[in-house]
Number of protein chains: 2
Amino acid sequence: MQSGVMAALELFHFPFDPGSRAARLALGEARLEWTETLVRPWEPDCVLGQFNPSGMPPVLRVTDTGKPLILCEAPAILGWLEDAQKAPLLLPADLSERAEARRLTGWFDRRFMDEVNAVLLHERMEKPLLRLGPPEARALREGRDALKGHLAMMEALLNERDWLTGRRMSQADLVAGAHISILDYFGEVSWKAWPGLKTWYMRLKSRPSFRPLLADRFQGLAPVAHYADLDF
Amino acid sequence: MQSGVMAALELFHFPFDPGSRAARLALGEARLEWTETLVRPWEPDCVLGQFNPSGMPPVLRVTDTGKPLILCEAPAILGWLEDAQKAPLLLPADLSERAEARRLTGWFDRRFMDEVNAVLLHERMEKPLLRLGPPEARALREGRDALKGHLAMMEALLNERDWLTGRRMSQADLVAGAHISILDYFGEVSWKAWPGLKTWYMRLKSRPSFRPLLADRFQGLAPVAHYADLDF
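Fair warning: this is a prediction, and the values are worked out from it, not measured in the lab.

Chemist: Can you walk me through the pattern of salt bridges in this structure?
Modeler: Side chains bearing opposite charge may pair, as long as their charged atoms lie close to each other. Under the definition given, this model contains 38 salt bridges over all chains. The salt bridge involving Glu97(B) is made with Arg167(B); its shortest N-O contact spans 3.2 Å. With Glu97(B) in helix H4 (residues 95–130) and Arg167(B) in the loop between helix H5 (137–158) and helix H6 (171–185), this pair connects stretches of sequence that are 70 residues apart. Residue class for Glu97(B) comes out buried when judged on its relative accessible area of 5%. Here the salt bridges do not stand alone but share partners, grouping Arg21(A), Arg24(A), Glu36(A) and Asp216(A) into one network.

Chemist: Is there a simple way to think about helix H7 (residues 195–205) of chain B in this case?
Modeler: Note on helix geometry: an α-helix contains 3.6 residues per turn, so any two residues three or four positions apart are oriented the same way. Residue and element names in this part refer to chain B. Among the residues making up H7, those that are buried are Gly 196, Leu 197, Trp 200, Tyr 201, Leu 204 and Lys 205. The buried residues of H7 occupy one face: seen down the axis, they fall within an arc of 160°. Buried residues belonging to H7 abut H5, H6 and helix H8 (211–214).

Chemist: Would you mind going over the packing of helix H1 (residues 18–29) of chain A against helix H5 (residues 171–185) of chain A with me for this structure?
Modeler: Residue and element names in this part refer to chain A. Taken N-terminus to C-terminus, the directions of H1 and H5 make an angle of 130°; their axes are 8 Å apart at the nearest point. As far as their axial angle goes, H5 and H1 are oblique. The chirality of how H1 crosses H5 is right-handed. Along its contact with H1, which presents Pro 18, Arg 21, Ala 22, Leu 25, Ala 26 and Glu 29, the element H5 presents Leu 174, Val 175, Ala 178, His 179, Ser 181 and Ile 182. Classifying every residue of the contact of H1 with H5 gives eight nonpolar, two polar and two charged.

Chemist: I tried to follow helix H3 (residues 95–130) of chain A on my own but got confused; where do I start?
Modeler: Residues and elements named next belong to chain A. Relative to the 52 Å expected for 36 residues at 1.5 Å per residue, H3 spans just 43 Å between its end C-alpha atoms, considerably shorter than the ideal helical length. Taken as a whole, H3 carries its principal kink of about 60° at Met 113. Of the residues that open H3, the one with a side-chain oxygen 3.1 Å from the backbone nitrogen of Ser 96 is Asp 94. Positioned one or two residues after H3, Arg 131 has a phi angle of 55°, which is positive.

Chemist: Looking at this model, I keep getting lost on the pairing of strand S4 (residues 69–72) of chain B. Mind explaining?
Modeler: If a strand is regular, its side chains alternate between the two faces of the sheet. Residues and elements named next belong to chain B. Here strand S3 (residues 59–63) runs beside S4; their pairing, made up of four bridges, is antiparallel. In the strand pairing of S4, Val 59 is matched with Cys 72. The hairpin turn running from S3 into S4, its antiparallel successor, is five residues long.

What counts and how
- Residues numbered from 1 in each chain as written.
- Chains lettered and ligands numbered in written order.
- Predicted model: local features only at pLDDT ≥ 70, side-chain atom pairs only at ≥ 80, totals over all residues.
- Heavy atoms only, no water.
- Salt bridge = Lys/Arg side-chain N within 4 Å of Asp/Glu carboxyl O.
- Helix = DSSP H or I, 4+ residues; strand = E, 2+ residues; numbered from the N terminus.
- Buried < 20%, exposed > 50% of the residue type's maximum accessible area, 1.4 Å probe, protein only.
- Arc of directions from axis to C-beta.
- Contact = heavy atoms within 4.5 Å.
- Axes fitted to C-alpha atoms, helices over the stretch in contact; angles between N-to-C directions.
- Parallel < 35°, antiparallel > 145°, perpendicular 65-115°, else oblique.
- Left-handed = near helix turned anticlockwise from the far one by under 90°.
- Nonpolar A, V, L, I, M, F, W, Y, C, P; charged D, E, K, R; others polar.
- Expected span 1.5 Å × (residues − 1).
- Bend = angle between axes of the 7 residues up to and from the residue.
- Polar contact = N/O pair within 3.5 Å; in protein donor to acceptor, adjacent residues only side chain to side chain.
- Pairing = 2+ DSSP bridges.

Just distances and angles here, no functional claims.
As structure tokens, this is what we get:
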């Protein structure tokens, strides 16, 4: 398709958006260099409206020689990155691991998003950002219960596999890591209960691609003490 | 990867699930032959639970010589089909059309699903299936208003492009066609208001891959009169 290596890459993203984190991890894994513009997609004059009809992050602008290529949201960015690789990077070569990577990506982007983020991140993150008042105890409880179910699912997979998909790291690990790392920032992950998950997350966190995420700071709220520790 | 042509393909699907329809369209476009098992995913003993941890359709079982390959849900099925092609089929070769195909697939599978299906198909389809009582007028109105916005978005694209993504048919057309055709069955699409959309849908409907969908019947409810007409 295109090596992408010589092109200038500009990423528009919101650091606490799971798709934005997945895109940064994937760019890092592909060992590309890019410049960044931080965006606040809920503000009416957000620059994203110029590029993406949905107004959502992330958007990657790829400028080579001609008209820039605009890649809207994580599936388009990850897909483009994978197309540009000589060897499989985000999707394993093994057909059954490849299918698992696609299944789990969908799991996180729909089920996890609907059952955990739409409840728990709404209370912990969107409410302060949009000044919607204090979190509701019942919603927090529901979101935390749902999160437990998802972490148990991951723990079961990681007791049998090195990575979520199988023997090779895949986009499913990056997408899951994007989600989990945001919840971890807010202190929502009880690592002691999930030893397999913790080992996986330590390995993921130690990768150079993860480092920029550990430097992210949310307005007016410091992360939990262990957030940026590689050995926690 | 694998040609897939010699393998036996068995699709487990629910005919009024958008992902199931997208998988059938994609299999048809790839000119493959497959056998089908109809499933009712909301029933506790549904066979899908054996294959897909989410319990959701569609699932494609690919049996070649060794252990069957289990492909859970539309992204894994469409991705596997595309991997098996010699020339681009579901994702156009042009980089910007390819990005559009991925962007629009995400649009339908998240925004359209949340704003239209979760409201309108819940009232028209899930309520009778699960015996949840009659539809609510306010929800129907909200779902129909949301649908109008999405149809207007499609009309605007189709006034400038042959297919949703550009010059070539892509998975975005199949995924959108899967969603729209279910709503059309229930008489929810006012074609007169959207001439560009209507032309696109007539072309899509005329493809051999679409024919099986036009024979689907929902329990106790006949489709609108024009549902299976190619010239409506």
